[in-house]
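Chain by chain, the residues run as shown.
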Amino acid sequence: MTKRSGWAGLGVAIAVTIAPPLSPAVAQSSQPAPPYKAPVISDTGRLPGPRQPIFFRHDIHAGQDRIPCLYCHSTVTISSEPGIPALQTCFGCHQMIGGSTPSHQAEIKKVREAFANRQPPHWIRVHALPGFVRFPHQRHIKVLGTEGCTNCHGDVRTMPQVYQVATLRMGWCINCHVQRNVSRDCTVCHY
Amino acid sequence: MDRRRFLTVLGATGGAAAAVSACGIGPEPTEHLVPYVIPPENQVPGVATYYATTCRECTAGCGLHAKVREGRVIKLEGNPDSPINQGRLCARGQAALQGLYNPDRVTDPMARTATGEWQKLTWDEAIGRLAAQVKAARGKGIVFVTGLETGSFGDLVDAWMRETGGRHVTYEPFAFEALREGNRLAFGTPAIPWYDFAAARYIVSFGADFMETWLSPVGYQNAFTHAHAFQTGRAAPPAKFVYVGPRLSLTGMSADEWIAPVPGSEGLLALAMAQVIVAGRRAPLPADAARLRGLLAAHAPEKVAAAVGIAASDITRLAREFAASQGGLAVAGGVAAQYPNGAEIVAAVDILNYVAGQVGKTVKFGPNHGLGQAGSFKQLGDLVADLSGGKVALLLVQGANPVHTLPGTFSQALGHVGFKVSFSPYWDETTAAADLVLPDLHPLEQWNDSRPRAGIYALQQPVMQPVFPNALAAGDVLLRAAGKAGTFKDYVQGRWHELHQRFGKGRDFEQFWNDALQHGGIYTDAATQTVRLGPRIEQLGAGVAGAPGAADKLPLVVFPSLALHDGRGANKPWLQELPDPVSKITWHAWVELHPETAAKWQLANGDILLLKSPHGAVRAPVWITPGIRPDVLAVPTGQGHKAYGRYAKDRSFNPFELLSDAPADFGGRAFAVSVTVQKTPEHRRLATIEGDAREQGRGVIEVLALARARELKSGSHPFAERETPAYADKALADWADAQHEKASLGNYAGAHPRWAMAIDLAKCTGCSACVTACYAENNLATVGEELFVRRRQMSWIRIERYYTGGDAARPVGAVVTPMLCQQCGNAPCEPVCPVYAAYHTPDGLNGQVYNRCVGTRYCANNCPYKVRYFNWHNYAEPGGEWESWPDPLNMLLNPDVTVREKGVMEKCTFCVQRIRGAQNRARLEDRVVQDGDITPACAQACPSEAIVFGDLHDKTSRVAALAQDPRGYHVLAGLNTRPAITYLARVTQGAAAEA
């Protein structure tokens, strides 16, 4: 169990931004033809979803910059946990990318300070299931493919701030299982 | 009966008020996700990582695989690479997690102030004080007491003691000094050989509890199973096992014959058997055995029968069987090695093995037990004398708790010691008496190595960051105190450079080291050495007989507890709540006595007796059992701590208070003592899971005589007639048709696995490793003694023990079976659940959905096996009255299994989390689940490999074959529950056939 030093890890992160992502199921971007331009948000107060400690915009990163979901949430194909990216992943780019507007610069400054102080942000969890449910991400991605995230999480690529689009209640899960004729057995998810 | 009809009937008969559960409804509290700053390499959240290390819960040195999730070890399994335990693990090994996460661990270095209070120190201060004390004590007596340390830490202590002019004493309360002295008498070598149970064809144990605490219990139980289990169609019959001892221990319960000689006369019995073999030329005699003729002639069966209390004809029969098997193995230990004449008894058993030609075959000198290097009780006695005489200025203790096992003497002696240092991670009795406490890391958190057996170098590595970050490995403390550079890990690696010279085989050190880490060490075979009879073995005669007991006193035998061992297990609730495999009592010790004794004194279970020996007195509740000689009493070790944490402190009595502190002649301790017994007016309800000591003809455990079992051919089903009475044939056929119809609807249509188990009672010994493994895997709550008395225990799998025989026709024996949810095909618990929380899954499990359950408890009411358990309290509530996992014990919870709330029913799920996990992995790899992919926790732990799990619909699976075995039957099958568990009848030979 060795810990890499921060700088060596950066080397990996930089190499990764140039090379395709590490995950075996490589996401092939299949964006619609005109490239997405994330809008300027002047009134963040009206955005749905919880306010996060750093205002991370999925519409810029995943939408405009077309970073695949699996670049950050890399374990979704192999584990029940999709994985919140380590701060090192953010810093991999943001050590160089400082932001083009003052508001962007302010948020990116938070990322750099967090990494320097070894104080990761405490993200507010948006999608949570109760403790008596076992949700295996890897089974769902295996069937739906690495573009399948939008089925349940909505079009995150257009979200400045992530919010929950689906109820995530059991009835909603069961509907999809019924439509696709997969197991509705209780002990597949409840144990 | 289906659910709809049942609920209609229920409604028609007056209706039940719907019980609205008022718990846990409402918005979830805000959760936070805190990412890594720099993630550890190759760690995937949600996927476990396994590390190989070594168990240090006793001296056996079994290999471990530690399952680590998100940086916490949550489950321990045996390491399949280790030849010691073959991938299996006992209950104590499983419970090591509760030592690691124990809430009563010492968190910081502490020093006792002048007023007797404890004061926290920094490590610099603490090590500074240690170094200062060492310097001041030079020449005035420095002693370092440790447990058995056969590897780098022991070497470091030796080196440090040489440097400081001190001495290193190792102390193990169960050090088997009699084995060493007996082997020295018999063969001139004090080594403890390795016993090849797997190669044996006839096993006689003279008190050796080789499934409990004797030498290497997991490994020996596994090997014993290979010799003793029954296999249909195997040409050679299974080995017969005879247990010789005054009480029917766990090991004895697996015996085909129980011989109970007069306590202390086991050596006479062994010599008599040897005499029969020599006189009748029943085995090829080693050349020098002729020297023994005189000794043996004096111990012919007729001459010793009276003293032994066994008929001469039986002795002769046993001897003949032993020799005729041409693969006999006699082992001595346990109570037989703990009388004052223990060494002579061991030597007599050595002679028995020798004249049968088995030394070198089933008894192997060469791959000797590491325990042979432990200090003796005499050495500890000498130390106590030095301490009392003020000859020791500085005493350091690590890995030993002598104040618990020598309660009076050692405590008093400590008063004369200048300065006392304890390295214990726990506030045990010895630590409570210390002046400076330097808390060690737990074995799971640190580097070390050991040599459990010659040729095996077991490596120990930290499997996670320290739970208590301000504890420090004792090795690191010593190095710093001595002013040496480098960490203890460097020291261990330094030793392994030496091993690399010998075993590197062309690999560079880095590769060699990583290979050793991955496999848990280096495993080589030590060559078997030839031994010859010792020079003075002919003079054995005098000491073998043993002293007669006092007339007005009863012999009391103090036997080692399987769960608590020498007391070290008492701070772990899993072990306290583990029903003793013989008595089924938890959380308290007891005194065992025979029904005749109880009748004579008019005693009932739970009555408190005052037991007085020349050395102390204790109060013990009575437990009446036919599994003991009428003229003997027995008590288990382990309880009676005066410190050692909330689970151990002030609980029950300490039998070590009854024993003499003076060593016996062989340098060990006599665990047998004569006591007077006095009734008291007090009574205590015992926390036991036993309902009835006898089966009363219910047919829970079927037993076959060996001859009958060998007659059975594949395809025959001797137990089938009992399961389906003829008058029920039509009803059953109609029912089967209805099931078939249902299996084509919706979710249930198509091919599904049918998960099933086969439990071989010819292998199961009742050791209860499965019970603790289940607690660990499935987040089972420990409820404590008060609730256990009210039968509120949560153990999803329990071992039921029933006594058999005991009349003129049959001698006393015992049979055991694991009882768990049978996952019935026609489950009585399913139709009665009003909310569909108990239902049948398409893959044959009886599903229990915790979030649907409203706590009617009708399912438990209807279950004929009584394997459903209700959460009467909120065992998971932090700070709650019945909290089972006070911080940091909650770190051992398995994240793959829901932690149940109050008001919810639970039961065995066949480790459905492992089933789903294997199915998920198979799906990712685009393949189907293979037989062997899924192993429930109980099956994985079982040292006897008695439990087999698999898919009944897979024709090639092991469980499908075993379900068709002629010995197979179902428990309470006449109720038409259609269980998924097939039990294979136990097979016995000799006197204990047919329960």
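All values derive from a computational prediction rather than experimental measurement.

## Considering the overall build of chain B
For step 1, the next point in the chain: If you tally the helices and strands in chain B, you get 32 helices and 38 strands.
For step 2, the next point in the chain: Along the three orthogonal principal directions, the C-alpha set of chain B runs to about 85 × 75 × 70 Å.
For step 3, the next point in the chain: Just so you have it, chain B exposes about 36300 Å², and 52% of that area is on carbon and sulfur atoms.

## So, the pairing of strand 11 (residues 240–244) of chain B
Residue and element names in this part refer to chain B.
For step 1, the next point in the chain: Summarising burial for strand 11: five of the five residues are buried, a large majority.
For step 2, the next point in the chain: In strand 11, alternate side chains face the same way, and those of Lys240, Val242 and Val244 on one face and Phe241 and Tyr243 on the other are all buried.
For step 3, the next point in the chain: Relative to strand 11, strand 10 (residues 202–206) runs parallel, the two sharing five bridges. Bridge assignment links Phe206 to a residue of strand 11, and that residue is Val244.
For step 4, the next point in the chain: Remark: the strand 10/helix 7 (residues 217–228)/strand 11 crossover connection has right-handed handedness.
For step 5, the next point in the chain: Summarising the sheet, strand 11 and strand 12 (residues 257–259) pair through three bridges and their orientation is parallel. In the sheet register, Val242 faces strand 12, and the bridge partner there is Glu257.

## A few points about the confidence of the model for chain B
For step 1, the next point in the chain: Summing up the model confidence of chain B, the mean pLDDT is 93 and the portion of residues at 70 or higher is 96%.
For step 2, the next point in the chain: Here residues 13–24 of chain B is a poorly scored stretch, pLDDT under 50, and it has three contacts once near neighbours within four places are set aside; other chains count.

## Concerning the environment of Leu387 of chain B
For step 1, the next point in the chain: Considering the arrangement of structural elements, one finds Leu387 of chain B in helix 14 (residues 377–388).
For step 2, the next point in the chain: The residues touching Leu387 of chain B, leaving out its near neighbours within four places in the chain, are Val392, Leu395, Phe410, Ala413, His416 and Val417 of chain B.

## Notes on the sheet that holds strand 19 (residues 456–460) of chain B
Residues and elements named next belong to chain B.
For step 1, the next point in the chain: Strands sit in the order 18-19-20 across an open sheet of three strands; the sheet is antiparallel. The open sheet has two edge strands, strand 18 (448–453) and strand 20 (521–523), and neither has a second partner. Taking the axes of each pair of neighbouring strands and ignoring which way they run, one obtains an average angle of 25° across the sheet.
For step 2, the next point in the chain: For strand 18 and strand 19, the ladder comprises four bridges, and the chain directions are antiparallel. Bridge pairing links Asn448 to Gln460 in strand 19.
For step 3, the next point in the chain: Sitting on the sheet, helix 20 (residues 509–519) touches strand 19 and strand 20, and the angle it makes with strand 20 is about 85°.

## Some details on the nonpolar core
For step 1, the next point in the chain: Residues Phe197, Phe206, Trp214 and Phe910 of chain B are the most contacted members of the largest nonpolar core, which totals 256 residues.
For step 2, the next point in the chain: Core analysis: the next-biggest nonpolar cluster, separate from the first, contains 43 residues, Leu121, Tyr457, Val477 and Leu479 of chain B among them.

## Some words on the sheet that holds strand 7 (residues 142–146) of chain B
Working definition: the strands of a sheet are paired by backbone hydrogen bonds and lie parallel or antiparallel to each other.
All names here are of chain B.
For step 1, the next point in the chain: Here we have seven strands laid out as an open sheet, ordered 6-5-17-16-15-7-8, and mixed in their pairing. At either end of the open sheet lies a strand with only one pairing partner, and these are strand 6 (118–120) and strand 8 (167–170).
For step 2, the next point in the chain: As judged from the two bridges shared by strand 16 (residues 419–422) and strand 17 (residues 436–437), these two strands associate in the parallel manner. For Val421, the partnering residue across the bridge sits in strand 17 and is Leu436.

## Some remarks on empty space enclosed by the protein
Residues and elements named next belong to chain B.
For step 1, the next point in the chain: Quantified by volume, the largest cavity comes out at close to 830 Å³.
For step 2, the next point in the chain: Looking at the largest cavity, it is lined by 45 residues, and the ones nearest its centre are Arg56, Gly399, Ala400, Pro443 and Arg568.
For step 3, the next point in the chain: Listing elements by their share of the lining of the largest cavity, those giving two or more residues are helix 15 (402–405), strand 18 and helix 18 (474–481).
For step 4, the next point in the chain: With four residues, the single largest contributor to the lining of the largest cavity is strand 18.
For step 5, the next point in the chain: Counted by class, the lining of the largest cavity contains 16 nonpolar, 19 polar and 10 charged residues.
For step 6, the next point in the chain: Its volume calculated, the second largest cavity comes out at about 120 Å³.

## Some points on the pattern of salt bridges
Pairing of side chains with opposite charge becomes possible as their charged atoms draw close.
For step 1, the next point in the chain: All chains considered together, the criterion is met by 56 salt bridges over all chains.
For step 2, the next point in the chain: For the salt bridge of Arg46 of chain A with Asp43 of chain A, the shortest nitrogen-to-oxygen distance reads 2.9 Å.
For step 3, the next point in the chain: The class for Arg46 of chain A is exposed, based on a relative accessible area of 72%.
For step 4, the next point in the chain: The class for Asp43 of chain A is partly exposed, based on a relative accessible area of 38%.
For step 5, the next point in the chain: For Asp631 of chain B, the salt bridge goes to Arg629 of chain B, with nearest N and O atoms at 3.0 Å.
For step 6, the next point in the chain: Assessed through its relative accessible area of 30%, Asp631 of chain B is described here as partly exposed.
For step 7, the next point in the chain: Through salt bridges with shared partners, a single network forms among Lys240, Glu257, Asp314, Arg317 and Glu321 of chain B.

## Description of the packing of aromatic side chains
Residue and element names in this part refer to chain B.
For step 1, the next point in the chain: Summed over all chains, the structure comprises 34 aromatic pairs over all chains.
For step 2, the next point in the chain: Centroid distance Phe144 to Trp160: 6.2 Å. Interplanar angle 75°. Geometry classified as edge-to-face. Taken together, the positions of Phe144 in strand 7 and Trp160 in helix 5 (residues 152–164) put the pair 16 residues apart, joining distant regions of the chain.
For step 3, the next point in the chain: Judged by its relative accessible area of 0%, Phe144 is buried.
For step 4, the next point in the chain: The exposure class assigned to Trp160 is buried, which follows from its relative accessible area of 6%.
For step 5, the next point in the chain: Ring plane angle 20° and centroid distance 6.0 Å describe the contact between Phe509 and Trp513, whose orientation is recorded as stacked. Placement of both Phe509 and Trp513 in helix 20 is noted, with a separation of four residues, approximately one turn of the helix.
For step 6, the next point in the chain: Residue Trp513 is classed as buried on the basis of its relative accessible area of 4%.
For step 7, the next point in the chain: These aromatic residues form a ring-pair network of at least three members: Trp194, Tyr195, Phe197, Phe210, Trp214, Tyr220, Phe224 and Phe241.

## Some details on the interface of chain A and chain B
For step 1, the next point in the chain: Taken together, the contact pairs 41 residues of chain A with 41 residues of chain B.
For step 2, the next point in the chain: Carbon and sulfur atoms make up 61% of the surface buried where chain A meets chain B, a total of about 3900 Å² over both sides.
For step 3, the next point in the chain: Applying the counting rule to chain A against chain B returns three salt bridges.
For step 4, the next point in the chain: Per-element accounting of the side of chain A that touches chain B gives the leading share, four residues, to helix 6 (residues 137–144) of chain A.
For step 5, the next point in the chain: By residue class, the composition of the side of chain A that touches chain B is 19 nonpolar, 13 polar and nine charged.
For step 6, the next point in the chain: Sheet topology note: the strand 1 (residues 123–124) of chain A/strand 1 (residues 32–33) of chain B ladder contains two bridges and is antiparallel. Bridged to Ile124 of chain A within strand 1 of chain B is His32 of chain B.

## Things to note about the packing of helix 4 (residues 123–137) of chain B against helix 18 of chain B
Residue and element names in this part refer to chain B.
For step 1, the next point in the chain: Look at helix 4 against helix 18: their axes get within 9 Å of each other, and the N-to-C directions meet at 65°. Like other packed secondary-structure pairs, helix 4 and helix 18 cross with a definite hand, here right-handed. The residues of helix 18 that touch helix 4, namely those facing Trp123, Asp124, Ile127, Leu130 and Ala131, are Val477, Arg480 and Ala481.
For step 2, the next point in the chain: For the contact of helix 4 with helix 18, the residue count by class is six nonpolar, no polar and two charged.

## Looking at unusual backbone geometry
For step 1, the next point in the chain: Of the consecutive residues Asp887 of chain B and Pro888 of chain B, the connecting peptide bond is found in the cis state with omega at 0°.
For step 2, the next point in the chain: Along the chain, Pro888 of chain B falls in the loop between strand 33 (869–870) and strand 34 (905–906).

## Some thoughts on helix 19 (residues 488–503) of chain B
All names here are of chain B.
For step 1, the next point in the chain: In this model helix 19 runs 22 Å from its N-terminal to its C-terminal C-alpha over 16 residues, within 8% of the 22 Å that 1.5 Å per residue would give.
For step 2, the next point in the chain: Turning to helix 19, its buried residues are Phe488, Tyr491, Val492, Gln493, Trp496, Leu499, His500 and Phe503.
For step 3, the next point in the chain: Tucked into the core, helix 19 has its buried residues touching helix 5, strand 18, strand 19, helix 18, helix 20 and strand 20.
For step 4, the next point in the chain: Directly beyond the C-terminal end of helix 19, a positive phi value near 50° is found at Lys505.

## Observations regarding the side chain of Arg868 of chain B
Residue and element names in this part refer to chain B.
For step 1, the next point in the chain: By the element assignment, Arg868 lies in the loop between helix 29 (858–862) and strand 33.
For step 2, the next point in the chain: A polar contact of 3.1 Å, which involves the side chain of Arg868, links it to the side chain of Asn846.
For step 3, the next point in the chain: Within the structure, Arg868 has its side chain in polar contact with the side chain of Gln848 (distance 2.9 Å).

## Description of the confidence of the model for chain A
For step 1, the next point in the chain: On average, residues of chain A score 86 in pLDDT, and 83% of them reach the 70 mark or higher.
For step 2, the next point in the chain: Overall, residues 1–27 of chain A carries pLDDT values under 50, and its contacts beyond four positions in sequence, including any with other chains, amount to 36 contacts.

## Let's talk about helix 5 of chain B
Residues and elements named next belong to chain B.
For step 1, the next point in the chain: With 13 residues, helix 5 extends 18 Å from end C-alpha to end C-alpha; this agrees with the ideal 18 Å at 1.5 Å per step.
For step 2, the next point in the chain: Ser152, Phe153, Gly154, Leu156, Val157, Trp160, Met161 and Thr164 are the residues of helix 5 that are buried.
For step 3, the next point in the chain: Gly165 sits one or two residues past helix 5 and shows a positive phi near 75°.

Quick notes on the rules
Residue indices follow the written sequence of each chain, beginning from 1 at its first position. Chains and ligands are labelled by the order in which they are written, letters from A for the one and numbers from 1 for the other. Where totals are concerned, whole chains, interfaces and linings use all residues; where local detail is concerned, this predicted model gives features only for residues with pLDDT of at least 70, and gives and counts side-chain atom pairs only at 80 or more. With hydrogens and water stripped out, all remaining heavy atoms of the structure feed into the side-chain values. Secondary structure elements are defined from DSSP: runs of H or I of at least 4 residues count as helices, runs of E of at least 2 residues count as strands, and each element is numbered from the N terminus. Reported accessibility uses the Shrake-Rupley method at a 1.4 Å probe radius. Residues are deemed covered only where the shown protein chains occlude them. Here's how the labels work: a residue is buried when its accessible area is under 20% of the maximum for its type, exposed when over 50%, partly exposed in between, all with a 1.4 Å probe on protein chains only. Pairing between strands requires that DSSP locate at least two bridges from one strand to the other. Handedness rule for crossovers: strands pointing away from the viewer, path from the first strand over the helix to the second running clockwise, crossover right-handed. Scored from 0 to 100, pLDDT reflects the predictor's confidence in each residue. Note on contacts: a residue pair is in contact if any heavy atoms of the two residues lie within 4.5 Å. In this analysis, axes come from line fits to C-alpha atoms, helices being fitted only over the stretch in contact, and the angle between any two N-to-C directions falls in the range 0 to 180 degrees. Residues belong to one nonpolar core when they are buried, are Ala, Val, Leu, Ile, Met, Phe, Trp, Tyr or Cys, and are joined through side-chain atoms within 4.5 Å. The definitions used throughout rest on a 1 Å grid laid over the protein atoms alone, on which a cavity is an enclosed set of points accommodating a 1.4 Å probe that cannot get out and a pocket is an open set flanked by protein within 12 Å on both sides along at least five of seven lines; lining residues are those having an atom within 4 Å of a point. Grid points are joined across faces, edges and corners, and a volume is the space filled by probe spheres set on the points. Polarity classes work like this: nonpolar for Ala, Val, Leu, Ile, Met, Phe, Trp, Tyr, Cys and Pro, charged for Asp, Glu, Lys and Arg, and polar for all others, with Gly in that last group. Between Lys or Arg on one side and Asp or Glu on the other, a salt bridge is scored when a side-chain nitrogen of the former is within 4 Å of a carboxyl oxygen of the latter. Classification of ring pairs rests on two measures: the distance between centres of Phe, Tyr or Trp rings, Trp counted by its six-membered ring, which must be within 6.5 Å, and the angle between planes, read as stacked under 30 degrees, edge-to-face over 60 and tilted in between. Joining two parts hides part of their accessible area as seen by a 1.4 Å probe, and the buried area is that hidden amount summed over both. In this scheme the handedness of a crossing depends on how the near helix is turned from the far one: anticlockwise by less than a right angle means left-handed, clockwise means right-handed. Each residue after the first adds 1.5 Å to the expected span of a helix. Whenever two N or O atoms come within 3.5 Å, that pair is a polar contact, provided that in protein one can donate a hydrogen and the other can accept it, and provided that, for residues adjacent in sequence, both atoms are side-chain atoms.

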